[in-house]
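Examination of the molecular architecture
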Amino acid sequence: MTRHPAREIQSFEAFLPREPGLAAHVRRVAALAAFVASRSGFSAPEVQAVGNSGLLHHLQAEVTGVPMAARLLADLGFPPQSFESSKVVPPDAAEIVAVWRGKRKPSSPHAAEFAAILDSANLFDEQMENLPYEDESTAESVNQLLDSGMLMPSFVRTIRSSWVVARRNVDTAANALPVFPKAAMEALRLARDPDAGRREIERALGKDPVLAGEIVMLANSGALGGSAAVNSLSGALMRVGTIAAANHIAAAAVRTCFASVKLHDLWEHSLQAAENAGALAGDSNSDAGEAYLAGLVHDIGRLAFELSDAALGVRQWEELGFPTIYAEMLSTGADHTELGADVLERWSFPESIVEAVRFHHRPELVTSKLAAVLYAVEDTNESLPSLARDHAAASRLEVEELPRARAAV
Ligand SMILES: [Fe+2]
Ligand SMILES: [Fe+2]
Ligand SMILES: [Fe+2]
């Protein structure tokens, strides 16, 4: 993927909506429209005009040129220097907006097509914003819109054009992830079972010398090390304690997947999410160990994206202001929640964690408290902000307001 066409769009800061959510919407519409215009073979100035029309499509006044723009800026209280030519709405973008609104007849077939691209970009972004009010999964919702006939065929074709290859790349990366050690899974299950004793955990861990070694090392680390060195697994478990040992085993097992320098930030984010999820679950009388493990693996799907060729495309959309989930959808037609849940299913994770990971960006769709916990600790840059969704997650956690223990990337 070369330089994204939306990079060339003017910023028109003076004309953008003041409300941050709406300003973000017009920026995304501009990027989508410019992308489709560019892929449809239009010239660079035409792509720019289509992109600019996206930035300006919520401007209330009739924007028809320099005098009107200057008057508008003066009304908005901008100093005269704001009237310089770069801040004035270009007539070609103004025409696209006017045609889109039905206020003007297109002066050329291209103008009509540009207005249709703008319309499709706007509808697509509105659909993404409306997800908290939909009953379908994100992918189902997006595909329904793409199949609805409401969007321009060239828009639909462009969006879907790279999906098959990109999705295959991400799936290949997901399949190549190391398998979560069986012994660790068994030890974690036993650690959460009130009827299981330390001996049973020890027996399960003993089957995996690497993990057993991790616990012995932890017991002898600076923070916990007593006067005498511990050199047996049972001694180590005794010193560390079952809960801390379980969390450490989970982290050690998952960490092997993140064994690359470029994945360091995502690993830090996962660890932070695990800590916060454990604490939040503890506060609301839920299983803190399960929440810790769920936090560790909540973005395992992002890992597959990061390790695949789709990573660059996702990053380009993110840099243009698209949240992670949205950028992943645009690049592959899927997102890291479904993919992550599939990986965890393959690893035989408990169904409660698989479900929570599948819905950690759509907690409104399920009754799972754990999904709401993961959503509450999730980085807000990963999905579009939604008060309705925050409210749904808060109600699952039986609190008035969603606790904001977010783990930034
Ligand atoms: Fe709009
Ligand atoms: Fe996520
Ligand atoms: Fe995350």
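What counts and how
Residues numbered from 1 in each chain as written. Chains lettered and ligands numbered in written order. Predicted model: local features only at pLDDT ≥ 70, side-chain atom pairs only at ≥ 80, totals over all residues. Helix = DSSP H or I, 4+ residues; strand = E, 2+ residues; numbered from the N terminus. Buried ≥ 20, exposed ≤ 12 C-beta atoms within 10 Å, placed from the backbone. Contact = placed C-beta atoms within 7 Å. Domains from an automatic or database assignment. Nonpolar A, V, L, I, M, F, W, Y, C, P; charged D, E, K, R; others polar.

1. Topic: the overall build of the protein
- Helices and strands together make up the secondary structure of the protein, namely 22 helices and zero strands.
- Viewed in the frame of its principal axes, the protein has a C-alpha envelope of about 85 × 45 × 35 Å.
- A buried classification covers 48% of the 409 residues belonging to the protein.
- At a minimum sequence separation of 6, the contacts of the protein that also span at least 24 residues come to 65%.

2. Structural notes on the domain arrangement of the protein
- The domain boundaries assigned to the protein delineate domain 1 (5–161) and domain 2 (252–396).
- Each of domain 1 and domain 2 has a C-alpha centre, and the two are 31 Å apart.
- Contacts between domain 1 and domain 2 engage 15 residues on the former and 18 residues on the latter.
- Mapped onto the side of domain 1 that touches domain 2, the elements with two or more residues apiece are helix H1 (20–39), helix H5 (109–129), helix H6 (138–147) and helix H7 (153–160).
- For the side of domain 1 that touches domain 2, the element with the highest residue contribution is H1, accounting for five residues.
- Looking at the side of domain 1 that touches domain 2 residue by residue, the class counts come to nine nonpolar, two polar and four charged.

3. Some remarks on the environment of serine 161
- Within the element layout of this structure, serine 161 appears in the loop between H7 and helix H8 (163–175).
- Overall, serine 161 belongs to the exposed group, with 11 C-beta atoms counted inside 10 Å.
- Considered as a pair, serine 161 and threonine 332 are 171 residues apart in the sequence and their alpha carbons are 9.3 Å apart.

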